[in-house]
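Breakdown of the fold
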Amino acid sequence: MSFISAATAIIDLDALCSNYRLLADKAAPAEASAVVKANAYGLGATMVAKTLAEREGCRWFFVATIAEGIEVRSVLPDAHIGVFYGANHAEDAAAIAEHGLIPVLNSLEQVSVWREHAATLGKSHKAIVQVDTGMTRAGMSLEDAAQLAQDASLLAGIEVAYFMSHLACAEMLHHPLNAKQAARFKQLEALFPNAKFSFSNSSGIFLGKGFHKDLVRPGMALYGLNPTPDERNPMRVVVTVQAPVLQQRILTEDECVGYGATFKASKGARLAVVGIGYADGLLRSLSNRGKAYINGYTVPIAGIVSMDLTVLDVSSVPEGVIKDGDMAELIGTHLEADKVAETAGTIGYELFTSITSRVKRVYK
Ligand SMILES: Cc1ncc(COP(=O)(O)O)c(C=O)c1O
């Protein structure tokens, strides 16, 4: 059955591939992976991973959880799939090994869980070791990494594919933490002179060659968000969210719009009711602040975004230009995701990962 009268997210796979190419070219000779956790930031992990693998030759993918890794494995039998959460229990280790996933080991405890699992199988197992260089989130300390360097038995049966760290402020070119993390990363490299390393997220790729190491791990820039927020966005728009006009009305007297009667509309105002709400991921904080783009016009959201419906004030659009059933863009080429997120008081990552399963993903 085919129907279109609901909110839709159109995912431009050509733009995704072109973004991957731009990042991979910039990072070369480092290899470019793709971070596809959280359902590829809401875009659909299996479709994104399969497309990047088949069309661009991407070989490395990163997810947060084992379940996400298993999902990507179901479409890519041969890819390297890193799991950021690592393994805290023998059961986690067994599931990771069963599906051929690669744990990111974030502590000496996780190293020992993986080492013990490798010992039960009697063969060497790949892993990535994450070291914290200043983000103070996941990852072991440099001191713990030094222990691994000094005592080879701690990594017995573990083949470390990469030592990695994560940047906290890469999108701020001149933030002093970038240099501090880079200096600590050098200490990590000195501990393991023959190893391979991974440091940069999307924004890190734009910090210069010194941050590229052997493998970069972009996420947001693949999906069209701006990795260099102080400059023009070099990435192509990948995501367009649109919703249908369900009904239009012309006010015959002054009225208030929506829950809480927060928007005052005058007699003669023209309103369009669109089929999208916070249950679709249109953030409620866009109430009375956000905008939509329809048939060549940018119009304001009038009143509170409700669960399934949002009202647009289309008084500025000449009569007859909008027909019931026309689609209004809420995020896309005319309403940049980063800007919409800023208006909503958040970041593009949250905007995208908030798009719920009710919104049909259409790949083009
Ligand atoms: C460890 C790690 N590496 C890479 C990424 C990708 O970051 P970004 O989406 O900013 O490119 C993330 C995402 O948060 C991450 O947690």
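Residues numbered from 1 in each chain as written. Predicted model: local features only at pLDDT ≥ 70, side-chain atom pairs only at ≥ 80, totals over all residues. Heavy atoms only, no water.

1. Observations concerning the pairing of strand S15 (residues 291-294)
Our working definition: Here, a strand pair is defined by DSSP locating no fewer than two bridges between the strands. To qualify as a helix, a DSSP run of H or I must reach at least 4 residues; to qualify as a strand, a run of E must reach at least 2; elements of each kind are numbered from the N terminus.
Sheet topology note: the S15/strand S16 (residues 297-300) ladder contains four bridges and is antiparallel. Within S16, the position partnered with Ala292 by the bridge is Val299. If you look at the hairpin formed by S15 and S16, you'll find two residues sitting between the two strands, and Asn295 has a positive phi there, around 45°.

2. Here we look at the packing of helix H3 (residues 45-56) against helix H4 (residues 66-75)
So the rule is basically this: Axis lines are fitted to C-alpha atoms, over the contacting stretch for helices. Their N-to-C directions set the angle, which ranges from 0 to 180 degrees. The cut-offs work like this: below 35 degrees is roughly parallel, past 145 is roughly antiparallel, 65 to 115 is roughly perpendicular, and the gaps in between are oblique. Throughout, a crossing is termed right-handed when the near helix is turned clockwise from the far one, and left-handed when it is turned anticlockwise from it by less than a right angle. By the convention used here, residues are in contact when the closest approach between their heavy atoms is within 4.5 Å.
H4 packs onto H3 with a crossing angle of 50° between their chain directions and a minimal axis gap of 9 Å. In terms of orientation, H3 lies oblique with respect to H4. Considering the relative orientation of H3 and H4, their crossing is right-handed. Contacts between H3 and H4 involve Ala45, Thr46, Ala49 and Lys50 from the first element and Glu71, Val72, Ser74 and Val75 from the second.

3. A look at the site of the ligand
Applied cut-off: Any residue with a non-hydrogen atom lying within 4 Å of a molecule or strand is treated as near it. Whenever a nitrogen or oxygen atom comes within 3.5 Å of another N or O atom, the pair is scored as a polar contact, on the condition that within protein one atom can donate a hydrogen and the other can accept it, and that pairs from neighbouring residues in sequence are kept only if both atoms are in side chains. Methods summary: accessible areas were calculated by the Shrake-Rupley approach with a probe of 1.4 Å, and residue burial reflects only the protein chains presented.
Near the ligand, the surroundings consist of 14 residues, among which Lys37, Tyr41, Ser202, Met220 and Tyr349 are the closest. In this structure, Tyr41 approaches the ligand through a side-chain N or O atom, which is 2.5 Å from an oxygen atom. Within the contact set of the ligand, a nitrogen atom lies 3.0 Å away from a side-chain nitrogen or oxygen of Arg217. Coverage of the ligand by the protein chains reaches 93% of its 390 Å² of free accessible surface.

4. Here we look at the domain arrangement of the protein chain
Which entries qualify depends on this criterion: Domain start and stop points were drawn from an automatic or database domain assignment. Two parts placed together each lose some accessible area under a 1.4 Å probe, and adding up what both lose gives the buried area. Salt bridges are defined as contacts in which a side-chain nitrogen from Lys or Arg sits within 4 Å of a carboxyl oxygen from Asp or Glu.
Under the domain assignment used here, the protein chain contains domain 1 (13-223) and domain 2 (239-363). The C-alpha-based centres of domain 1 and domain 2 are spaced at 38 Å. Taken together, the nine residues of domain 1 in the interface contact six residues of domain 2. Between domain 1 and domain 2 lies a buried interface of about 780 Å² when both sides are counted; carbon and sulfur atoms form 68% of it. If you look at where domain 1 meets domain 2, you find zero salt bridges.

5. Considering the pattern of salt bridges
To be explicit about the condition: Relative accessibility thresholds used throughout: buried, under 20% of the residue-type maximum; exposed, over 50%; partly exposed, between the two (1.4 Å probe, protein chains only).
Overall, the coordinates contain 10 salt bridges when judged by the stated rule. A salt bridge links Asp280 to Arg358, with the shortest nitrogen-to-oxygen separation between them at 2.8 Å. Of this pair, Asp280 sits in the loop between strand S14 (270-274) and S15 while Arg358 sits in the loop between helix H11 (348-353) and strand S19 (360-363), placing them 78 residues apart in sequence. The class for Asp280 is buried, based on a relative accessible area of 4%.

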